[in-house]
Amino acid sequence: MPPLAVLDVIAEPTRRQILDAVRDGERSVGELVDLVALGQPGVSRHLKVLRDAGLVEVRKEAQRRLYRLRPQPLQELDAWLEPYRALWAARLDSLEAHLQRTARPAPPNTSTRDRQDEA
């Protein structure tokens with residue numbers, strides 16, 4: 001799936017919650033229902049979208065279905081984003097250099113006692 005299509009899928013907050021839940025290991029539909037505070041039909045609809053996008057995979061264990069993360073589409077998205085991160089890093093480095101060149105020295109720190117003596 002193209003990286004931008006993955007962005008469309010993960011733009012939905014509940015789907016991101018589900019991905020966060022399966023990031024560290026398998027979760028059953030029941031566990032996901034409890035974690036995202038959504039009914040089973042709603043969670044199942046989101047899981048289908050995530051499955052169709054290749055972001056999760058499922059395996060049957062007796063009567064349960066266990067879902068786990070498939071990181072490949074996210075790695076492809078990460079690779080697509082890399083040139084943009086590099087662009088922003090370069091711009092931020094330029095801004096930092098500009099700020100350092102144009103920074104005014106801080107005024108000398110006068111203590112409270114010095115100000116009282118002046119009064």
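Structure report, in brief. (Residues numbered from 1 in each chain as written. Predicted model: local features only at pLDDT ≥ 70, side-chain atom pairs only at ≥ 80, totals over all residues. Heavy atoms only, no water.)

## As for the packing of aromatic side chains
Here is step 1 of the chain: If you walk through the whole model with that rule in mind, you get one aromatic pair.
Here is step 2 of the chain: Each ring, one from Trp 80 and one from Tyr 84, has its centre 5.2 Å from the other, and the planes form 45°; the classification is tilted. Here the residue Trp 80 and the residue Tyr 84 both occupy positions in helix α5 (residues 72-102), the gap between them amounting to four residues, near one helical turn.
Here is step 3 of the chain: Assessed through its relative accessible area of 32%, Trp 80 is described here as partly exposed.
Here is step 4 of the chain: You can call Tyr 84 partly exposed: its relative accessible area is 44%. (Phe/Tyr/Trp six-rings, centres within 6.5 Å; stacked < 30°, edge-to-face > 60°. Helix = DSSP H or I, 4+ residues; strand = E, 2+ residues; numbered from the N terminus. Buried < 20%, exposed > 50% of the residue type's maximum accessible area, 1.4 Å probe, protein only.)

## Regarding the pairing of strand β3 (residues 64-69)
Here is step 1 of the chain: As judged from the two bridges shared by strand β1 (residues 27-28) and β3, these two strands associate in the antiparallel manner. What sits directly across from Ser 28, in β3, is Leu 66.
Here is step 2 of the chain: Direction of pairing for strand β2 (residues 56-61) relative to β3: antiparallel, over a ladder of six bridges. Along β3, the bridge assignment pairs Glu 57 with Arg 68.
Here is step 3 of the chain: Taken together, β2 and the strand that follows it, β3, pair antiparallel across an intervening segment of two residues, in which Ala 62 is found at a positive phi of about 55°. (Pairing = 2+ DSSP bridges.)

## Observations concerning the side chain of Ser 28
Here is step 1 of the chain: Among the secondary structure elements, Ser 28 is positioned in strand β1.
Here is step 2 of the chain: Setting aside its immediate chain neighbours within four residues, Ser 28 contacts Arg 64, Arg 65 and Leu 66. (Contact = heavy atoms within 4.5 Å.)

## Side note on a nonpolar patch on the surface
Here is step 1 of the chain: The grouping of Leu 7, Trp 80, Tyr 84, Trp 88, Leu 92, Leu 95 and Leu 99 at the surface amounts to a nonpolar patch, some 710 Å² of accessible area in total.
Here is step 2 of the chain: Inspection of the secondary structure assignment puts Trp 88 in helix α5.
Here is step 3 of the chain: The class of Trp 88 is exposed, set by a relative accessible area of 51%. (Patch = residues over 30% accessible without salt bridge, like charges linked within 9 Å, V, L, I, M, F, W, Y side chains within 5 Å. Areas by Shrake-Rupley, 256 points an atom, 1.4 Å probe, with all protein chains shown as cover. Salt bridge = Lys/Arg side-chain N within 4 Å of Asp/Glu carboxyl O.)

## Focus on α5
Here is step 1 of the chain: For α5, spanning 31 residues, the distance from its first C-alpha to its last is 45 Å, which sits close to the expected 45 Å at 1.5 Å a residue.
Here is step 2 of the chain: Bending of α5 peaks at approximately 35° at the position of Leu 81, with proline Pro 83 no more than four residues after it. (Expected span 1.5 Å × (residues − 1). Bend = angle between axes of the 7 residues up to and from the residue.)

## Remarks on helix α4 (residues 40-52)
Here is step 1 of the chain: Between its first and last C-alpha atoms α4 spans 18 Å; for 13 residues at 1.5 Å apiece the expected length is 18 Å, and the two agree.
Here is step 2 of the chain: Positive phi appears at Gly 54, one or two residues downstream of α4, with a value of about 80°.

## Focus on the nonpolar core
Here is step 1 of the chain: One finds Ile 18, Leu 19, Leu 32, Val 43, Leu 47, Leu 50 and Leu 55 to be the most contacted residues of the largest nonpolar core, which totals 20 residues.
Here is step 2 of the chain: For this core, the secondary structure elements donating two or more residues are α1 (3-10), α2 (13-22), α3 (29-36), α4 and β3.
Here is step 3 of the chain: Apart from residues lying up to four places away in sequence, Leu 47 is in contact with Ile 18, Val 29, Leu 32, Val 56 and Tyr 67. (Core = buried A, V, L, I, M, F, W, Y, C linked by side-chain atoms within 4.5 Å.)

## Some points on the environment of Glu 76
Here is step 1 of the chain: Mapped onto the secondary structure, Glu 76 falls in helix α5.
Here is step 2 of the chain: On the accessibility criterion, Glu 76 (41% relative accessible area) is partly exposed.
Here is step 3 of the chain: Distance in space between the C-alpha atoms of Glu 76 and Val 6 is 9.2 Å, their sequence separation being 70 residues.

Distances and angles like these do not, on their own, reveal function.
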